[in-house]
Amino acid sequence: MYNYVNEDVFFAWYEEKTGLKPNKKALLAELAKQYMSSRKGEFVLPADKCLSGESEKYCFSFENVGCCGASTMYFYL
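In this report, we go over the structure that sits alongside the text.

1. Examining the pattern of salt bridges
With the rule as written, the count across this model stands at four salt bridges. The salt bridge involving Glu42 is made with Lys57; its shortest N-O contact spans 3.7 Å. In this pair, Glu42 sits in strand S2 (residues 42-45) while Lys57 sits in strand S3 (residues 56-59), placing the two residues 15 residues apart along the sequence. Through salt bridges with shared partners, a single ionic network connects Glu16, Lys17 and Glu56.

As structure tokens, this is what we get:
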């Protein structure tokens, strides 16, 4: 189970960098996917998706709170 804390700030950053309204569910899924593949607390937007024409990064922290086989993952945006 994924939980996102302060996601409105992340959505505002995305909109500022891309000029697009985010598909919130898809964007959070992409954030989790990037984290699971890289294990780095940064979301990377490629240059071709950014208004600046340069790659942009959004840093966040992650915590996996697990007990007795259950796992809850927190993304602190």
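2. A closer look at the packing of helix H1 (residues 7-18) against helix H2 (residues 24-38)
Here H1 crosses H2 at 95°, and the two axes come no closer than 11 Å. Taken together, the axes of H1 and H2 lie roughly perpendicular to each other. Where H1 approaches H2, its residues Glu7, Phe10, Phe11 and Tyr14 are matched on the opposing element by Lys24, Leu27, Leu28 and Leu31. Looking at the contact of H1 with H2 residue by residue, the classes come out as six nonpolar, no polar and two charged.

3. Description of the side chain of Thr18
Position of Thr18 relative to the elements: it lies in helix H1. Polar side-chain contacts of Thr18 include one of 2.8 Å to the backbone oxygen of Tyr14. Within the structure, the side chain of Thr18 is placed 3.1 Å from the backbone nitrogen of Leu20, a separation counted as a polar contact. The residues contacting Thr18, other than those within four sequence positions of it, are Leu45, Lys49 and Leu51.

4. Some remarks on the nonpolar core
In this structure, Phe10, Leu31, Phe43, Phe75 and Leu77 are the most contacted members of the largest nonpolar core, which totals 17 residues. Those elements that provide at least two residues to this core are H1, H2 and S2. At five residues, the largest contribution of residues to this core is made by H2.

Reading guide: rules and limits
Residues numbered from 1 in each chain as written. Predicted model: local features only at pLDDT ≥ 70, side-chain atom pairs only at ≥ 80, totals over all residues. Heavy atoms only, no water. Salt bridge = Lys/Arg side-chain N within 4 Å of Asp/Glu carboxyl O. Helix = DSSP H or I, 4+ residues; strand = E, 2+ residues; numbered from the N terminus. Axes fitted to C-alpha atoms, helices over the stretch in contact; angles between N-to-C directions. Parallel < 35°, antiparallel > 145°, perpendicular 65-115°, else oblique. Contact = heavy atoms within 4.5 Å. Nonpolar A, V, L, I, M, F, W, Y, C, P; charged D, E, K, R; others polar. Polar contact = N/O pair within 3.5 Å; in protein donor to acceptor, adjacent residues only side chain to side chain. Core = buried A, V, L, I, M, F, W, Y, C linked by side-chain atoms within 4.5 Å. Buried < 20%, exposed > 50% of the residue type's maximum accessible area, 1.4 Å probe, protein only.

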